[in-house]
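Close look at the chain arrangement
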Amino acid sequence: GQQVMQIPQYQHVQEGEDFTTYCNSSTTLSNIQWYKQRPGGHPVFLIQLVKSGEVKKQKRLTFQFGEAKKNSSLHITATQTTDVGTYFCAGREYGNKLVFGAGTILRVKS
Amino acid sequence: GAVVSQHPSWVICKSGTSVKIECRSLDFQATTMFWYRQFPKQSLMLMATSNEGSKATYEQGVEKDKFLINHASLTLSTLTVTSAHPEDSSFYICSASHPKGSRGSYNEQFFGPGTRLTVL
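Residues numbered from 1 in each chain as written. Chains lettered and ligands numbered in written order. Predicted model: local features only at pLDDT ≥ 70, side-chain atom pairs only at ≥ 80, totals over all residues. Heavy atoms only, no water.

Moving on: the overall build of chain A. For chain A, the count of helices and strands is zero helices and eleven strands. The secondary structure elements of chain A, listed N-terminal to C-terminal, are β-β-β-β-β-β-β-β-β-β-β. Against the globule reference of 13 Å for 110 residues, chain A gives a C-alpha radius of gyration of 13 Å, in line with a compact fold. Projected onto its principal axes, the C-alpha positions of chain A cover 45 × 25 × 20 Å. A total of 110 residues make up chain A; the buried ones form 51% of that total. Put simply, of all contacts in chain A between residues at least 6 apart along the chain, 55% involve residues at least 24 apart. Accessible surface, chain A: about 5,200 Å² in total, of which carbon and sulfur atoms supply 50%. (Helix = DSSP H or I, 4+ residues; strand = E, 2+ residues; numbered from the N terminus. Rg over C-alpha atoms; globule rule 2.2 N^0.38 Å. Buried < 20%, exposed > 50% of the residue type's maximum accessible area, 1.4 Å probe, protein only. Contact = heavy atoms within 4.5 Å. Areas by Shrake-Rupley, 256 points an atom, 1.4 Å probe, with all protein chains shown as cover.)

Given below as structure tokens:
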């Protein structure tokens with residue numbers, strides 16, 4: 001079945017440093033979504049990417065969808081303490097359910 | 001944005017008892033809701049897709065008779081963990097798709113706050 005791999009599992013950065021998490025699917029996706037879950041909270045939708053090679057920005061966050069629609073990345077520029085949490089990618093095959101990656105836990109040292 | 005609530009937020013029960021968790025979409029109608037299970041520091045595992053007015057679709061490995069799902073209306077889905085055991089202790093989260101998400105993205109899922117179940 002469809003698998004979504006996400007790396008790294010955990011990253012601890014100094015405030016102001018950049019952060020990137022990567023997502024790879026075993027199959028071609030119709031779209032990929034990114035969610036953020038704060039400690040003790042529930043996942044909150046960040047963005048959805050649909051088109052091959054798509055790049056979207058939200059302030060310091062940059063999201064990319066690969067040309068083959070099998071991988072994606074989330075890059076945070078100049079991390080802040082408010083960025084802490086777990087970032088999940090979730091990929092959807094055509095007509096299928098959403099499959100979540102394992103998540104990347106981000107910790108930011110001030 | 002769309003709001004999804006869950007009740008209770010936490011529950012502690014004895015082994016062998018049944019626990020019902022409610023998931024409600026507060027300001028929109030959700031024909032489809034999803035139930036996930038999340039272990040500490042792990043990802044969300046889809047358990048089942050709940051369809052209003054019809055039977056739920058369970059993921060492979062999820063026992064239908066153990067995790068009963070009822071989607072009685074367009075705003076309410078319930079998950080009942082029957083004869084709960086300590087290994088059922090987990091964080092259960094529901095989500096619903098809004099016809100048009102907060103950023104205009106179809107397919108965006110809105111998650112409830114989750115229910116932490118502890119079975120003694």
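The next subject is the interface of chain A and chain B. With 18 residues of chain A at the interface, the matching set in chain B holds 18 residues. Each partner contributes to the roughly 1,500 Å² buried at the junction of chain A and chain B, and carbon and sulfur atoms together form 54% of this total. Area buried by chain A at its contact with chain B is led by A:His42, A:Phe45 and A:Phe100, which between them contribute 33% of it. Note that A:Lys97 is salt-bridged to B:Glu59, the shortest N-O span being 3.1 Å. Viewed at the interface, chain B and chain A are joined by four residue pairs in polar contact (both at pLDDT 80 or more). Here the element with the most residues in the side of chain A that touches chain B is strand β4 (residues 31–37) of chain A; it accounts for four residues. Partitioned by chemical class, the residues of the side of chain A that touches chain B number eight nonpolar, eight polar and two charged. (Buried area = accessible area lost by both parts, 1.4 Å probe. Salt bridge = Lys/Arg side-chain N within 4 Å of Asp/Glu carboxyl O. Polar contact = N/O pair within 3.5 Å; in protein donor to acceptor, adjacent residues only side chain to side chain. Nonpolar A, V, L, I, M, F, W, Y, C, P; charged D, E, K, R; others polar.)

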